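Residues per chain, in single letters:
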Amino acid sequence: MARGEIVINEANCLGCGYCQEFCNHKCIVMSADKFSPRGNVLPVFVDPERCNACGICGWMCPHMGIEVYKYVESSS
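The structure presented is a predicted model; accordingly, all values stated were derived computationally and were not measured. Numbering of residues starts from 1 in each chain and follows the order in which that chain's sequence is written. Totals for whole chains, interfaces and linings use every residue, but because this is a predicted model, local features are given only for residues with pLDDT of at least 70 and side-chain atom pairs only at 80 or more, for both listing and counting. Hydrogens and water are ignored here; the side-chain numbers use all heavy atoms of the structure.

Peer 1: Run through the environment of Lys70, naming residues and quoting values.
Peer 2: Every helix listed is a DSSP run of H or I at least four residues long, and every strand listed is a run of E at least two residues long, numbered separately from the N terminus. Its location among the elements puts Lys70 in strand S4 (residues 66-72). With a relative accessible area of 53%, Lys70 lands in the exposed category. Separated by 28 residues in sequence, Lys70 and Leu42 place their C-alpha atoms 22 Å apart. Three exposure classes are used, based on accessible area relative to the maximum for each residue type with a 1.4 Å probe and protein chains only: buried under 20%, partly exposed in between, and exposed over 50%.

Peer 1: If you had to explain the side chain of Asn40 to someone new, which residues and values would you point to?
Peer 2: Tracing the backbone shows Asn40 in the loop between strand S2 (28-35) and strand S3 (41-45). In protein, a polar contact means a hydrogen-donor-capable atom and an acceptor-capable atom, both N or O and within 3.5 Å, with residues adjacent in sequence counting only if both atoms are side-chain atoms; elsewhere, any N or O pair within 3.5 Å suffices. A distance of 3.4 Å separates the side chain of Asn40 from the backbone oxygen of Cys13, its partner in a polar contact. Two residues form a contact once any of their heavy atoms are found within 4.5 Å. Leaving out residues up to four positions away in the same chain, Asn40 has contacts with Cys13, Leu14, Gly15, Lys34 and Phe35.

Peer 1: Can you explain the pattern of salt bridges? Please cite residues and give values.
Peer 2: Put simply, a salt bridge is a Lys or Arg side-chain nitrogen that is within 4 Å of an Asp or Glu carboxyl oxygen. Throughout the structure, instances matching the rule amount to 3 salt bridges. The partner of Arg3 in a salt bridge is Glu49, and the shortest N-O contact between them spans 3.0 Å. Taken together, the positions of Arg3 in strand S1 (residues 2-8) and Glu49 in the loop between S3 and helix H2 (56-60) put the pair 46 residues apart, joining distant regions of the chain. Looking at Arg3, the relative accessible area reads 35%, which means it is partly exposed.

Peer 1: Can you break down the pairing of S2 residue by residue, with the values?
Peer 2: Each regular strand carries side chains that alternate between the two faces of the sheet. Pairing between strands is defined by DSSP: at least two bridges between them are needed. Of the pairings in the sheet, the one linking S2 to S3 comprises 4 bridges and is antiparallel in character. Note on S3: the bridge partner recorded for Met30 is Pro43. Where S2 folds back on S3, the antiparallel hairpin that results is connected by 5 residues, among which Gly39 adopts a positive phi of roughly 95 degrees.

Here it is, written out as structure tokens:
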């Protein structure tokens, strides 16, 4: 099974929450105490074990604030 990791570019994030809204596995939540340099609330990647790197969070981000990485385990 593929596993994923996301990286949030805090400088690009405007705190819209689309990444949290559209994450099917609920791996992203909006922080209550983490803010961008502009003062926007930032999302936090909270459950990497559930992430399958589908990429929806990155596609839905209107400000290119998320990079998605997919790791595939070898079958050898």
